Amino acid sequence: MTQVKCTRGPRAIVPFAMHELAICQALLRQLEELVTRHGASGVRSVTVQIGVLSGVEPSLLATAFCVARAGGCARRAELIVEALPARIRCRACGAEAPAAPERLCCSMCGAGDTQLLSGDELLLRQVELSVREAVPTCAIPAAAH
Amino acid sequence: MCNSCGCALNGAAPGVHGHDHHHDHERVTVITEVAAPAPESVEVLQRLLAANDEAAAHNREHLDRHGVLAVNLMSSPGAGKTALLEATIDALGGRVRIGVIEGDLETENDAARIRAHGVPAVQITTGSACHLDAHLVHRALHQVPLDEIELLFIENVGNLVCPASFDLGQHHNVTLLSVTEGDDKPSKYPVMFRAADLVLLSKCDLLDLLDDFDPQRAAAALQALGRSTPLIQTAARRAASIQPWLQWLETALARHRILAARRNGVPHAALEL
């Protein structure tokens, strides 16, 4: 499992004709709901699982997230992408094996009908929420100078 | 850092307010910081496209309630989706009541082409969006006369990448691969071709002119995706060549009617599919 972290600033250029941006916007709506439901002040980090056959490119998702998060509850959030490889089970011989995205037939018996065990994930796995910012406990006028 | 106001200005010695910016320290308050509690960690395990999936399920229920079979047509731009629809409408129009939702970035051109064949068509223009989603289709469905049709084609935006990730509420995905493209497209775009319930090789009337497209290689690349997806050759300009595609559609329609009848408790629904 490889991880891709969003490190680019909000000015990263995103080609808008890409579905990773739409997926980010859906993710941000889920984050807004979680923040409201838990009475949190924001999101510190968000972990998503992206399978190699999900149709989503982790680096593009990270770029889109840097743009889409601006101004919302996740504006300071770190995006952690867990990129998951493909794994199949043969329906004929039952063998389980890792597989390349374009070679999903059974490598043991050659059967063309296999079940994808992992690799198409597009999941919001975990969120770390910030609790509400502390209310000032005292306010002391600074000495004039 | 300035000890009076806390401003992070370099060069200010402790206790000395030597910098020259202007702010009124009479009004500054010192806030005693409270140690931030540990963040709350929440396990979610929800699909990122949960809202789209919910809208898609709603669309499917809506279609099922009206007994309409929905087929989502996907391909790269220019693979011949609209031409195939025109030929399909001409061939089936007498027997099957058809409606079409067209998806394009701009223009009503494709919907106008379909309407010219006497079939209701609703155009979705997505602007810059590269795919249809379930919410766009939901809005379009309200303009489709569902009581008057039994087969709805949704012609997705021409794109072999993005549309594969979005369930629209369709019953079947059909992906076109034109012979003017590479025969290795299923290997290059595995997500799209894995999503297909049927792949149509389109523009097969051009095969004699093209020596670099081998239908056998295309079939092998498709089978390597582990789905045993059927592959049918078509040529929209030759009516006879689309018979296997029409037969696939009529079988899908018959199957859909039986499933609908089973849902409604009709006796003949016990027939083997």
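Just so it is clear, the structure is predicted and the values come from calculations on it, not from any experiment. (Residues numbered from 1 in each chain as written. Chains lettered and ligands numbered in written order. Predicted model: local features only at pLDDT ≥ 70, side-chain atom pairs only at ≥ 80, totals over all residues.)

Of the residues in chain A, 79% have a pLDDT of 70 or more, and the chain-wide mean is 85. Ignoring residues within four places in sequence, the model shows residues 4–16 of chain A, a span with pLDDT below 50, making 29 contacts including any to other chains. (pLDDT = per-residue confidence, 0-100. Contact = placed C-beta atoms within 7 Å.)

So, on to the nonpolar core. Core analysis: the largest hydrophobic core is formed by 112 residues, its most contacted members being Leu31 of chain A together with Leu152 of chain B. Filtering out sequence-adjacent residues up to four positions away, Leu152 of chain B remains in contact with Leu63, Val68, Ala70, Gly99, Ile101 and Val144 of chain B. (Core = buried A, V, L, I, M, F, W, Y, C linked by C-beta atoms within 7 Å. Buried ≥ 20, exposed ≤ 12 C-beta atoms within 10 Å, placed from the backbone.)

It is worth spelling out the environment of Leu69 of chain B at this point. Residue and element names in this part refer to chain B. With respect to the helices and strands, the residue Leu69 is situated in strand β3 (residues 69–74). C-alpha separation for the pair Leu69 and Arg255, spaced 186 residues apart in sequence, amounts to 9.7 Å. Sequence-distant contacts of Leu69, defined by excluding residues within four places in its chain, comprise Glu150, Leu151, His171, Ala252, Leu253 and His256. (Helix = DSSP H or I, 4+ residues; strand = E, 2+ residues; numbered from the N terminus.)

Further remarks concern the packing of helix α1 (residues 19–37) of chain A against helix α2 (residues 58–68) of chain A. All names here are of chain A. Direction vectors running N to C along α1 and α2 enclose 55 degrees, while the axes themselves pass 9 Å from each other. Comparing their axes, α2 and α1 come out oblique. The element α1 and its partner α2 pack so that their crossing is right-handed. Where α1 approaches α2, its residues Glu20, Leu21, Ile23, Cys24, Gln25 and Leu28 are matched on the opposing element by Leu60, Leu61, Ala64, Phe65 and Ala68. Within the contact of α1 with α2, the residues separate by chemical class into nine nonpolar, one polar and one charged. (Axes fitted to C-alpha atoms, helices over the stretch in contact; angles between N-to-C directions. Parallel < 35°, antiparallel > 145°, perpendicular 65-115°, else oblique. Left-handed = near helix turned anticlockwise from the far one by under 90°. Nonpolar A, V, L, I, M, F, W, Y, C, P; charged D, E, K, R; others polar.)

This paragraph deals with the packing of helix α1 (residues 50–65) of chain B against helix α4 (residues 134–141) of chain B. All names here are of chain B. Orientation of α1 relative to α4, taken along the N-to-C sense of each, is 30 degrees, at an axis distance of 8 Å. Between α1 and α4, the interaxial angle falls into the category roughly parallel. Regarding α1 and α4, the two cross each other, and that crossing is left-handed. Contacts from Asn52, Ala55, Ala56, His58, Asn59 and His62 in α1 reach Ala134, His135, Val137, His138 and Leu141 in α4. In terms of residue class, the contact of α1 with α4 is built from five nonpolar, six polar and no charged.

Here we take up the pairing of strand β7 (residues 172–178) of chain B. Residues and elements named next belong to chain B. In terms of residue burial, β7 counts as a mostly covered element, since six of its seven residues are buried. Bridge count for β7 against strand β8 (residues 198–202) is five bridges, and the pairing is parallel. Considered in β8, the bridge of Leu177 is made with Leu201. (Pairing = 2+ DSSP bridges.)

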